[in-house]
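Examining the three-dimensional arrangement
This is what each chain is made of:
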Amino acid sequence: MKGGMLDDFEALALAGCRDVDALCDMAARLRDLEHGEVVTYSRKVFLPLTRLCRDVCHYCTFATTPGRLESAFMSLDEVLSLCHEGAKLGCKEALFTLGERPELRYRAAREALTAMGFSTTLEYVAAVAARVRDETGLLPHINAGCMSDEELAALRPVSASMGLMLESVAERLCEKGQAHHGSPDKEPARRLATLEAAGRARVPFTSGILVGIGETRRERIEALLALRASHQRHGHLQEVIIQNFRAKAGTLMAAAPEPDLAEVCWSVAVARLILGPAMNIQVPPNLSPGSLPQLIAAGINDWGGVSPLTPDHVNPEAPWPHLDELAKETWAAGKFLEQRLTVYPSYARQPERWLDERLRSRVLRLSDAAGFARRDGWVPGRSQTVPADLPQPNRRSTAAVPLSGGFTDIIRRCEAGAELQEKDLCRLFAARGREFNCLAKAADRLREAVNGDVVTYVVNRNINYTNVCYFNCQFCAFSKGQGSSDLRGRPYDIDGEEIARRCVEAWERGATEVCMQGGIHPDYSGDTYLQILRTARAAVPGMHIHAFSPLEVTQGANTLGLSVEEFLGLLRDEGLGSLPGTAAEVLHEEVRRRLCPDKISGDQWLDVMRTAHTVGLPTTATIMYGHIERPRHWADHLLKVRRLQAETGGFTEFVPLPFVAEEAPIYRRGLARPGPTFREAILMHAVARLVLHGYIDNIQASWVKMGQEGVAACLAAGANDLGGTLMNESITRAAGAAHGQEWSARAMEQFIRELGRRPRQRNTRYEAVPPEQRMAASACAPLQPTREQAAGRKQVCKLVGWEGQATASGGGLR
């Protein structure tokens, strides 16, 4: 419990421990240190590629003879058909199970392989798995028996994980009359050699023991110690299965006694104590029906693969439990059933080490930020509906097990505004099931305490004055520059006359704010930004100008040879009212080095914001999440924003921005996740409310990215603001969003009222809006068509209120 490990002598001493309840109690507490409330499973398709085997294990009905089969091998078409059907049912894993090297025993196997153009079973496995990988969206997991280094290397590119049950290290079980007699591949040394080879090959690997095939408790422990030793050398053992023997009619062990539940629980608990809190320990749920709560209490954290489509061909007498029933039984035991991939989360989070490059993008697209399976098809910017299977905040748990004291203590400290550490926020972001419900409800309570039942919004207009940009942000589908010619849209500039026209039109439609940002045009200078301000101010003196990200501020200052503070002072004096918190993305440099390597650093972003607050310019703060980052990066980001707000008090709101992936370069190259899951999007708003409580009062939900149903869910989990009506939206649409460019004030207010909340139009500083602007917003005319100029053509134009040279290619306004 203090992070130590039993030595071999201490572990072997457990063989004499008869107090199963005490062992299980300790094992369950040890399990909870790492896995908390989550118990996992993998939704799979079971593929018995061949049931021919050169071994003759005395308990097995899977292996058979050629005369009992219509075909020696499943055909490629049969495999692909099952996998496509499984994908429709939410399966993520294709489990290849097969007998060992049948061509060494059966002529029928050799002839079948030759007819298909293969010389060995493993060659056929590799070919079929490659097609499954490339054509079905499922990740192959291969159980192909004992293999050499070369054979493992050949299968690694087509398989996200592999497995081989050690079963036992008792050599006597290979003697005559014992379970493994006549099975050369069941010799312990041969199986341990494969385990070592898998470690050298960096294959995420599954192994385990069989309980009740004639071994003693001490021999079970010796097998667990052998597994632990290999894992300590290589770190590759992602799960250990504790599988209970089931007697099967027609086998030599049909009359052998099966281990009782107490023996299985003893074995699970001992495995947990020996292997430690982080190891994933699995028991197949179909082999112990009616006993699942006891197995959870013994220290497991995984049910293994469960198929909604195919039977357990190894144990055909034991049908899989229905997934809904498995979830209910897990919930009743105080745990939440979460789907994982065939490669476990800690391995999915380290793809460069554990996955062949041909599998990395597939794992990314199937996983969430923590490495679990994406269970919903929700897509930021596009999905109109939200997942129905998320835990509901008002759902009452039937579990008698209370929530973790550590988890609820973190929430209490958030409510008190107490000091928080990165690990505390990571714990909140890990919330699933009952913890997710608890967290969302706590965030909503704080929202109600701070903001009441009011939901605010601002009538504004986005003006993105150019999409030409010389920076190389990997997530951006809006900018046009070197290497982005294949992205949607053409390069453009907006001249001063059009900027002024849009400002006037926005004011006439009730706007109190224009939000102006653009790409970093290579010919723009600090003077360009100053002249943009003069244009907008001359057009509508009463309009609040919310403009220029920290990146634009930094670039503008550099071109004029000024400090950031000096340049911000000039911008303020020319009419700038506040800064948007964009260009933050994720502030951690580990992420920025890959996501936006030539952009300002996270520290520079914070420095610009600090300076803006110092010169009297309030700002917003954002996070753009759901791409390559992990929850610890979210935690670091939120804490940095919190600390700066404690110092300056200059942030008016925090805005979570889900990554819209469809047209983003980094996603199109297979190097990013497809945005956050819906659960993660709700969590981001809820955790932000908790962590920033007492620091930033307003948490905004982006309707452009979340959609209306998504926004409604956020408003029930800590958010209180809907942001702007926008009128025009270019950046998110360029990335593939489809939620429109404008949400009118009238429609917004109706939406808010239907949720049982009170709408309030605000200005940028969250102050009341003049009555005439409210009236204009409620009865606005349709927008006139916008006008953009193709970048690359110089011109001279007369701007509203002043004259000067403007270059559409190079610098818009100069």
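Source: prediction; values computed, not measured.

Moving on to the sheet that holds strand β19 (residues 758-762). Taken together, 3 strands build an open sheet; the order of strands is β18-β10-β19 and the sheet is parallel. Each end of this open sheet is capped by a strand with a single partner; those strands are β18 (721-724) and β19. Strand-to-strand twist of the sheet, defined as the mean angle between neighbouring strand axes without regard to direction, takes the value 20°. As judged from the 2 bridges shared by strand β10 (residues 454-458) and β18, these two strands associate in the parallel manner. Residue pairing across strands places Val458 opposite Gly724, the latter belonging to β18. Most of the contacts of helix α27 (residues 703-715) go to β18, to which it runs at about 160°, and overall it touches β10 and β18.

Once that is clear, we can look at the packing of aromatic side chains. According to the stated counting rule, one finds 14 aromatic pairs in the structure shown. Measuring from centroid to centroid gives 5.7 Å for Phe73 and Tyr124, while their planes differ by 80°, and the two rings are edge-to-face. Of the two residues, Phe73 is situated in the loop between β1 (38-50) and α3 (76-88) and Tyr124 in helix α5 (residues 121-135); the sequence distance between them amounts to 51 residues. When its relative accessible area of 4% is taken as the criterion, Tyr124 is described as buried. Three or more aromatic residues link up through ring pairs in this structure, and these residues are Tyr465, Tyr524, Tyr529 and Phe548. Seen from the ring of Trp266, Arg217 lies directly overhead, with NZ or CZ sitting 4.1 Å from the centre. Against the face of Tyr667 rests Arg365, its NZ or CZ located 4.2 Å from the ring centre.

Residues with a pLDDT of 70 or more make up 93% of the protein, whose mean pLDDT is 92. Across residues 392-400, where pLDDT falls below 50, the model places 15 contacts with residues more than four positions away in sequence or in other chains. Within the model, the stretch residues 793-814 combines pLDDT values under 50 with 62 contacts to residues more than four positions away or in other chains.

For the rest of this paragraph, the subject is the packing of helix α15 (residues 405-415) against helix α17 (residues 434-451). Interhelical geometry of α15 versus α17 gives an angle of 10° and a closest axis separation of 11 Å. Judged by the angle between their axes, α15 and α17 are roughly parallel. Across from Phe407, Ile411 and Glu415 in α15, the residues of α17 making contact are Glu435, Cys438, Leu439, Ala442, Arg445 and Leu446. For the contact of α15 with α17, a count of residues per class yields 6 nonpolar, no polar and 3 charged.

This next bit is on the sheet that holds strand β11 (residues 460-464). Spatially, 4 strands are ordered β11-β13-β14-β15 in an open sheet, and the strand pairing comes out parallel. Edge positions in the open sheet fall to β11 and β15 (576-578), since each of these has one partner strand only. Sheet twist, expressed as the mean angle between neighbouring strand axes with direction ignored, is 40°. With 5 bridges joining them, β11 and strand β13 (residues 513-517) adopt parallel strand pairing. Looking at the pairing, Asn462 lines up with Cys515 of β13.

Taken N-terminus to C-terminus, the directions of helix α24 (residues 631-648) and helix α26 (residues 678-691) make an angle of 30°; their axes are 11 Å apart at the nearest point. By crossing handedness, the relation of α24 to α26 is classed as right-handed. Residue-level contacts link Trp634, Leu638 and Arg642 of α24 to Glu680, Met684, Val687, Ala688 and Val691 of α26. Looking at the contact of α24 with α26, its residues break down into 6 nonpolar, no polar and 2 charged.

Here we come to helix α14 (residues 357-366). Note: α-helices contain 3.6 residues per turn, so residues at a spacing of three or four share the same orientation. Within α14 the residues assigned to the buried category are Leu359, Val363, Leu364 and Leu366. Looking straight down α14, one finds its buried side chains confined to an arc of 165°; they lie on one side. Buried positions along α14 lie against α5, β3 (139-143) and α12 (345-348).

This part is about the nonpolar core. Grouped burial of nonpolar side chains is what soluble globular proteins tend to show. Met516, Phe548, Leu571, Trp605, Phe654 and Leu722 are the most contacted members of the largest nonpolar core, which totals 124 residues. If one sorts the elements of this core by residue count, α26 sits on top with 10 residues. Excluding residues within four positions of it along the chain, Phe654 makes contact with Ala621, Thr622, Ile623, His637, Leu638, Val641, Ala688, Leu692, Ile696, Asn698, Ile699 and Gln700. Counting residues in each nonpolar core, the second largest holds 91 residues, with Cys24, Ala198, Leu227 and Ile281 among its members.

Time to look at the pattern of salt bridges. Within the structure shown, the criterion is met by 58 salt bridges. The salt bridge involving Arg218 is made with Glu222; its shortest N-O contact spans 3.4 Å. With a gap of 4 residues between them, Arg218 and Glu222 both fall in helix α8 (residues 217-234), about one helical turn apart. Note on Glu222: relative accessible area 31%, which makes it partly exposed. Three or more residues joined by partner-sharing salt bridges are found here, namely Arg461, Asp495, Glu498, Arg501, Arg502, Glu505 and Arg787.

What follows concerns unusual backbone geometry. Not every positive phi belongs to a glycine, and Glu167 is a case in point at roughly 70°. With respect to the helices and strands, Glu167 occurs in the loop between β4 (161-163) and α7 (188-200). Exposure remark for Glu167: the relative accessible area of 8% places this residue in the buried category. Phi is positive for Leu726, which is not a glycine, with a value near 80°. Along the chain, the position of Leu726 falls in the loop between β18 and α28 (731-734).

Now for the pairing of β10. Counting buried residues in β10 gives 5 out of 5 residues, a clear majority hidden from the surface. Here β10 shows no split at all, with Val454, Thr456 and Val458 on one side and Val455 and Tyr457 on the other all buried.

Glancing now at the pairing of strand β14 (residues 544-547). Residues His544 and His546 line one face of β14 and the alternating positions Ile545 and Ala547 line the opposite face, and both faces are buried. As a crossover connection, the stretch from β13 through helix α19 (residues 526-539) into β14 is right-handed.

So, on to the environment of Trp320. Structurally, Trp320 is set in the loop between β8 (302-306) and α11 (323-332). Sequence-wise, Trp320 and Leu287 are 33 residues apart; in three dimensions their C-alpha atoms are separated by 8.7 Å. Not counting residues within four places of it along the chain, the set of residues in contact with Trp320 comprises Lys44, Phe46, Asn286, Gly305, Val306, Ser307, Thr310, Pro311 and Asp312. Within the local environment of Trp320, its side chain forms a polar contact with the backbone oxygen of Thr310, the two atoms lying 2.7 Å apart.

Criteria and cut-off values
- Residues numbered from 1 in each chain as written.
- Predicted model: local features only at pLDDT ≥ 70, side-chain atom pairs only at ≥ 80, totals over all residues.
- Heavy atoms only, no water.
- Pairing = 2+ DSSP bridges.
- Helix = DSSP H or I, 4+ residues; strand = E, 2+ residues; numbered from the N terminus.
- Axes fitted to C-alpha atoms, helices over the stretch in contact; angles between N-to-C directions.
- Contact = heavy atoms within 4.5 Å.
- Phe/Tyr/Trp six-rings, centres within 6.5 Å; stacked < 30°, edge-to-face > 60°.
- Buried < 20%, exposed > 50% of the residue type's maximum accessible area, 1.4 Å probe, protein only.
- Lys NZ or Arg CZ within 6 Å of the ring centre and 35° of its normal.
- pLDDT = per-residue confidence, 0-100.
- Parallel < 35°, antiparallel > 145°, perpendicular 65-115°, else oblique.
- Nonpolar A, V, L, I, M, F, W, Y, C, P; charged D, E, K, R; others polar.
- Left-handed = near helix turned anticlockwise from the far one by under 90°.
- Arc of directions from axis to C-beta.
- Core = buried A, V, L, I, M, F, W, Y, C linked by side-chain atoms within 4.5 Å.
- Salt bridge = Lys/Arg side-chain N within 4 Å of Asp/Glu carboxyl O.
- Right-handed = clockwise from strand over helix to strand, strands pointing away.
- Polar contact = N/O pair within 3.5 Å; in protein donor to acceptor, adjacent residues only side chain to side chain.

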